[in-house]
Amino acid sequence: MELKIPKHIAIIMDGNGRWAKNKGKIRLEGHRAGAANLERILEESIKLGVKYLTVYAFSTENWKRPEMEVKGLMELFSGFLSSKKKTMKKQGIKLLVTGSKEGVSDSLLKKIEETEKYLENENNIVFNIAFNYGGRKEITDAINKILADEKREPGKPVTEEEVAKYMYRPDIPDPELVIRTSGEFRISNFLLWEIAYSEFYITDKYWPDFDEKELEKAILSFNKRDRRY
């Protein structure tokens, strides 16, 4: 059977900390292993023909984690952008970083902007990193943009189409498949608007152990769904 490949896959990359704990390592080692695995899954997604890959890298709630862990995550992300941008260019990856700028250092914001600019014309896959992202905040920001739109007719009812237009990435189609690793059954404030009709795949595998075969299992499961919207 020829697999139908989802155009857009979104992944909640969960379980780095528990993976590290099980191996007697510090949590940051789990995040490093997770970042390395992300490269493998991104490469496999390109091979399979996925056109959009969105990953949940850092939520607005993650600021509540221990200061050293947050600092390590920021450094890990900054290092990823610096060390992988030429590789991403060769692979034809267009990078987008989606989320709030609040709390993020000026130096990291500048690096994000420069890396997005460097890869803006690539077209093999759109790699969308949800960083300092929260689904409720995205919807709230969209509503505030609508209210602030001076061209809008006062008192006119808001439509779904109008809200969608004011979301962070209106040009990206909604995910067809959402994958969550580590066996947790919750959305965790991820793409609340966009996943209204997405199919879900939950696996007990921790994110660092979610390999290419596991991705294919998720896509195979997706192919067995009757999508009725």
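Look above for the structure.
Not measured: the values here are computed from a predicted model.

A. Structural view of unusual backbone geometry. Unlike most non-glycine residues, serine 182 shows phi in positive territory, near 75°. For serine 182, the location among the structural elements is in the loop between strand E5 (177-180) and strand E6 (199-202). One non-glycine residue, leucine 191, lies in positive phi territory at about 50°. Topologically, leucine 191 is positioned in the loop between E5 and E6.

B. Here's a closer look at the nonpolar core. Core analysis: the biggest nonpolar cluster contains 37 residues, and Ile9, Ile11, Phe127, Phe131 and Ile179 have the highest contact counts within it. Among the elements that make up this core, the one with the highest residue count is helix H3 (residues 67-90) (seven residues). Grouped together as the second largest cluster of nonpolar side chains are ten residues, Ala10, Tyr56, Tyr133 and Val178 included.

C. Highlighting the sheet that holds strand E2 (residues 52-59). The sheet built from six strands is open, its strands ordered E3-E4-E2-E1-E5-E6 with parallel pairing. Each end of this open sheet is capped by a strand with a single partner; those strands are strand E3 (93-98) and E6. Between one strand axis and the next, the sheet turns by 20° as a mean value, whatever way the strands run. In this structure, E3 lies alongside strand E4 (residues 125-133), joined through six bridges in parallel fashion. Bridging across to E4, isoleucine 93 finds its partner in isoleucine 125.

Definitions and cut-offs
Once a new chain begins, its residue numbering starts again from 1 and follows that chain's sequence as written. Where totals are concerned, whole chains, interfaces and linings use all residues; where local detail is concerned, this predicted model gives features only for residues with pLDDT of at least 70, and gives and counts side-chain atom pairs only at 80 or more. The side-chain figures draw on all heavy atoms in the structure; neither hydrogens nor water molecules are used. Strands are runs of DSSP state E lasting at least 2 residues, helices are runs of H or I lasting at least 4, and numbering of each runs from the N terminus. Nonpolar cores are built from buried Ala, Val, Leu, Ile, Met, Phe, Trp, Tyr and Cys residues. Side-chain atoms within 4.5 Å join them into one set. For every residue, the accessible area (1.4 Å probe, protein chains only) is compared with the maximum for its type, and the residue is labelled buried under 20%, exposed over 50%, or partly exposed between those bounds. Between any two strands, pairing holds if DSSP finds at least two bridges. In this analysis an axis means a line fitted to C-alpha atoms, helices contributing only their contacting stretch, and an angle means the value between N-to-C directions, from 0 to 180 degrees.

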